[in-house]
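Observations on the three-dimensional arrangement
The lines below spell out each chain.
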Amino acid sequence: MAREPSTCTHSSMDIQIQNDNLVMTSIQQNEIASSSDSLNDPPPSFAESQMQKYLEQNTTGIHRIQIPEASEVPIDEKTLKTTSTPSRTPNLSNSWEFAGWGSRKTYLINDLQINYPDPSKSNHVLLGQWRATSISGNDLVASVLYTIGICTTVSGKFAPLSLLIVSIIIYPFKGIMSEVGTALPLNGGAYNCLLNTSSKWFAAIAAAISLLDYVATAVVSAATASSYLSGTLNLSDSVTFWLTIGVIVLFAGIVALGLRESSTVAFVIFIFHCLTLTLLMIACLIQWIKQGNSVLIENWKDSGSGNPLLDIFNGICLGLLGITGFEASNNYIEDQKPGVFPKTMRNMWVLVVIFNAPISFLSTAIMPLSTFKVHQNDIISTLGDYAAGNWLKIFVTVDAVIVLGAGVLTAFVGVSGLIYRMACDHILPQFLRNRNRFTKTYHWIILSFLIFCITLFVIVSGNITSLSGMFVVAFLSDLCMFAIGNIFLKYKRGRLYRPIRVSSGIAVLGLACILVALIGNIILDPSIAGYFAIYFGVLFTIMMIMMNRVWFLKTIFYYLDKTVTLHKYGLDAVIIRLIQNLKQQPVVFFTKTDELHILNKAILYVKNSESTGYLKLIHIYERDEDIPSRLEDNHRVLDELYPKIQIDLILIQGEFNPKTVDYISNHFGIPKSLMFISCPGSEFPYKIGEFGGVRTIML
């Protein structure tokens, strides 16, 4: 094996040492001693010797393949990588599959700051504790309007106990979701957590479930609000149908005006509804004192199904609908001030404890159980009639219409954050990321979701039974995804900083409770599983197509190659152009090491998860001696190892911090959602959320 000569700075002499055909010439005298010492070291393994030979071949130019330097060859004239492997499309050229050779470039951080604003200076207004609580809290407290009726219908006198147990079951999720949100404070909820801790396709499952949850929230809330109003005004079915569509359009317009404005509307509605429920509880308590315990005693004489445990369990299964909205705050967490999110989770749990079980108990104290079966869909307004007469019934009806409309608002606000995040990750089309220049809202997201909700409502002809069943399964499945994401977070990203942690046992217990409730709901009405499977299948199929667009186009190209008669139409050029457009978006992996297995693991993640043919390995260093010694050599090895991916090595002198990542994103035109890093440790001075969407892909 020939080793390159080195020159001594003070003096040089020619020394020839012959040992088993190893020749060394022009070596520093002090290296002779070190080389003689190395003879006493154990010999390298076969794999090590072969890798050393391969690296020397690439660095000395002995290897046949000549890799052009980026400084010598323009980017559009680079020599493409080649392979001797036979093509699967012998009739059509597959040269377009191969990428150009990667390059090595060096920058100073000052070079990236020219003409770019300071990212730390932002005019984005963040939400405080109560405004943030009100957006998801409206959906949460509105669920009382329909939960108590259906829960009491199946569990009878045990409904208050069932709802109390529900508040206990949901308590662990206050910590589970707070840990997820503080560790990864980015919009997307369970989807974002699983995207950073598992595979992209598994995260897409959580995304599809969350989207179904929001669709059901918007449509069911709007339809229920219209039904309350229709029952009071005796409106026809056709008027109620169009009224539902009008409610959806109204709140879509409110969200389109801007989040700050919509949060103001939500806050006012939230305060009004909480005051209404408080007034209702006071009126019920007064009425209970007036009439005594006769109704309560009579209700407790009812035997129900004859199996108290079964009644309680069924009440728990349906009573979990009373906490819908508990998961919504995660999807606009980036719009909340630092430290606010855990407070919103605490506030919402307190709301569940204050209103759900107490109102259920007071209702059984002044109303016979037979009334619940007759007025299941408008039980709260009926309760107002029993408590204080017609005036309170009307007052509660008006409140119900308003707060159920606010549930539509919650759906639009939450889904905007979720869909934007999915578009950034290339699971959904990129046009959804466009902002309105006046209101700064994502108008295409709002419009798309509005059309989807209206279309779905029209398809079912205003019958929300199927959507209600899907609502149950989607919500409980979303909670399951949060628990699974929390478990993955502990195992795969345990080094991430978060101020709130729950034990693995709590996460597993929460998951088990929700799974049991999910199974219980399906047993109560097996048809809801079918409805959910249909809607979920449609959404998940769309996402899989978006994530595997390159694969589908390559499959079409393969069969086009076999159909020679179609070659004259130039369809191959169209497909190639589409594929190249999809693969031209570069992605970034920030590396602080030169270890081959880590670099290779990052490339494999990109290869399996992203539709790109362009990867930039970026190493940020403060001093020249901080650059890992084998980084450049290993970069050239990996660039040749993956002929269909162009792998560039970029060295940037500066400090790795959120501002630097912003400058890099602006300079190279790469969104931060397509920038990846290894999981930072506890000594890392920044929180992962400060990097604005940079994805962690390995421990």
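Everything below is about the structure shown above.
Described below are features of the structure shown in this document. (Residues numbered from 1 in each chain as written. Predicted model: local features only at pLDDT ≥ 70, side-chain atom pairs only at ≥ 80, totals over all residues. Heavy atoms only, no water.)

Glancing now at the packing of helix α4 (residues 144-155) against helix α5 (residues 159-183). In a pair of packed helices, the angle between the axes and the distance between the axes together describe the arrangement. Where α4 contacts α5, the two axes come as close as 9 Å, and the packing angle between them is 120°. Between α4 and α5, the angle is such that the two are oblique. At the point where α4 passes α5, the crossing takes the right-handed sense. Residues Thr147, Ile148, Cys151, Thr152 and Ser155 of α4 touch α5, and the partners they reach there are Ala159, Ser162 and Leu163. Of the residues contributing to the contact of α4 with α5, the split by class is four nonpolar, four polar and no charged. (Axes fitted to C-alpha atoms, helices over the stretch in contact; angles between N-to-C directions. Helix = DSSP H or I, 4+ residues; strand = E, 2+ residues; numbered from the N terminus. Parallel < 35°, antiparallel > 145°, perpendicular 65-115°, else oblique. Left-handed = near helix turned anticlockwise from the far one by under 90°. Contact = heavy atoms within 4.5 Å. Nonpolar A, V, L, I, M, F, W, Y, C, P; charged D, E, K, R; others polar.)

What follows covers unusual backbone geometry. Positive phi outside glycine occurs at His426, with the angle close to 65°. Along the chain, the position of His426 falls in the loop between α15 (390-424) and α16 (443-459). Judged by relative accessible area, His426 falls into the buried class, the value being 18%. (Buried < 20%, exposed > 50% of the residue type's maximum accessible area, 1.4 Å probe, protein only.)

Residues Val587 and Phe589 line one face of strand β2 (residues 587-590) and the alternating positions Val588 and Phe590 line the opposite face, and both faces are buried. Across four bridges, β2 lies against strand β3 (residues 614-621) in parallel orientation. Considered in β3, the bridge of Val588 is made with Lys616. Each parallel crossover has a hand, and for β2 linked through helix α22 (residues 596-609) to β3 it is right-handed. Examined bridge by bridge, β2 and strand β5 (residues 675-678) share three bridges and lie parallel to one another. In the sheet register, Val588 faces β5, and the bridge partner there is Met675. (Pairing = 2+ DSSP bridges. Right-handed = clockwise from strand over helix to strand, strands pointing away.)

Bringing helix α3 (residues 129-142) into the picture now. A rise of 1.5 Å per residue sets the reference length of α3, with its 14 residues, at 20 Å; its end C-alpha atoms lie 19 Å apart and thus fit the reference within 8%. Along α3, the sharpest change in direction is near 45° and occurs at Ser136. Counted residue by residue, α3 has twelve buried out of 14 residues, so it is predominantly covered. Three or more residues of α3 are buried, namely Gln129, Ala132, Thr133, Ser134, Ile135, Ser136, Gly137, Asn138, Asp139, Leu140, Val141 and Ala142. (Expected span 1.5 Å × (residues − 1). Bend = angle between axes of the 7 residues up to and from the residue.)

Glancing now at the packing of helix α14 (residues 379-388) against α15. Orientation of α14 relative to α15, taken along the N-to-C sense of each, is 155°, at an axis distance of 6 Å. Here α14 lies roughly antiparallel to α15, going by the angle between them. Crossing hand, α14 versus α15: right-handed. Mapping the contact onto sequence places Ile380, Ser381, Gly384, Asp385, Ala387 and Ala388 in α14 and Asn390, Trp391, Leu392, Lys393, Val396 and Thr397 in α15. A class-by-class count of the residues in the contact of α14 with α15 yields six nonpolar, four polar and two charged.

It is worth spelling out the packing of aromatic side chains at this point. Applying the stated criterion across every chain, the model contains 23 aromatic pairs. Consider the rings of Phe241 and Phe457, whose centres lie 5.0 Å apart with planes at 25°: the pair is stacked. With a gap of 216 residues between them, Phe241 in helix α8 (residues 237-256) and Phe457 in helix α16 connect regions that are remote in the sequence. Neither Phe241 nor Phe457 differs from the other in exposure class; each is buried. Judged by centre distance (5.0 Å) and plane angle (80°), the ring pair of Tyr558 and Tyr559 falls under edge-to-face. Residue class for Tyr558 comes out partly exposed when judged on its relative accessible area of 30%. In textbook terms, an aromatic cluster arises when at least three aromatic residues are bridged by ring pairs, as seen for Phe590, Phe656, Phe684, Tyr686 and Phe691. (Phe/Tyr/Trp six-rings, centres within 6.5 Å; stacked < 30°, edge-to-face > 60°.)

Inspection of the secondary structure puts Ser665 in helix α24 (residues 658-668). Owing to a relative accessible area of 11%, Ser665 belongs among the buried residues under this scheme.

Once that is clear, we can look at α24. The buried count for α24 comes to eight of eleven residues, which makes it a mostly enclosed element. For α24, every residue scored as buried is listed here: Pro658, Thr660, Val661, Asp662, Tyr663, Ile664, Ser665 and Phe668. Where α24 begins, one side-chain oxygen reaches toward the backbone nitrogen of Lys659, 3.2 Å away; that side chain belongs to Asn657. The positive-phi residue at the C-terminal boundary of α24 is Gly669, with phi of around 70°. (Polar contact = N/O pair within 3.5 Å; in protein donor to acceptor, adjacent residues only side chain to side chain.)

On to empty space enclosed by the protein, then. Counted by the stated rule, this structure contains two cavities of 30 Å³ or more. Forming the walls of the second largest cavity are Val180, Gly181, Leu184, Leu186, Gly189, Asn192, Asn330 and Ile333. Partitioned by chemical class, the residues of the lining of the second largest cavity number four nonpolar, four polar and no charged. (1 Å grid on protein atoms, 1.4 Å probe; cavity = no way out; pocket = protein on both sides within 12 Å on 5 of 7 lines; lining within 4 Å. Points joined across faces, edges and corners; volume = space filled by probe spheres on them.)

Attention shifts here to the sheet that holds strand β1 (residues 104-108). Reading across from one edge, β1-β4-β3-β2-β5-β6 is the order of the six strands in this open sheet, with parallel pairing throughout. What marks the edges here is a single partner per strand, and that holds for β1 and β6 (695-698). The mean inter-strand angle of the sheet, taken between neighbouring strand axes irrespective of direction, is 30°. By the bridge criterion, three bridges tie β5 to β6 in an arrangement that is parallel. Bridged to Ile677 within β6 is Thr696. Packing of helix α23 (residues 631-641) onto the sheet brings it into contact with β1, β3 and β4 (646-653), and relative to β4 it is tilted by some 160°. Most of the contacts of α24 go to β3, to which it runs at about 145°, and overall it touches β1, β2, β3, β4 and β5.

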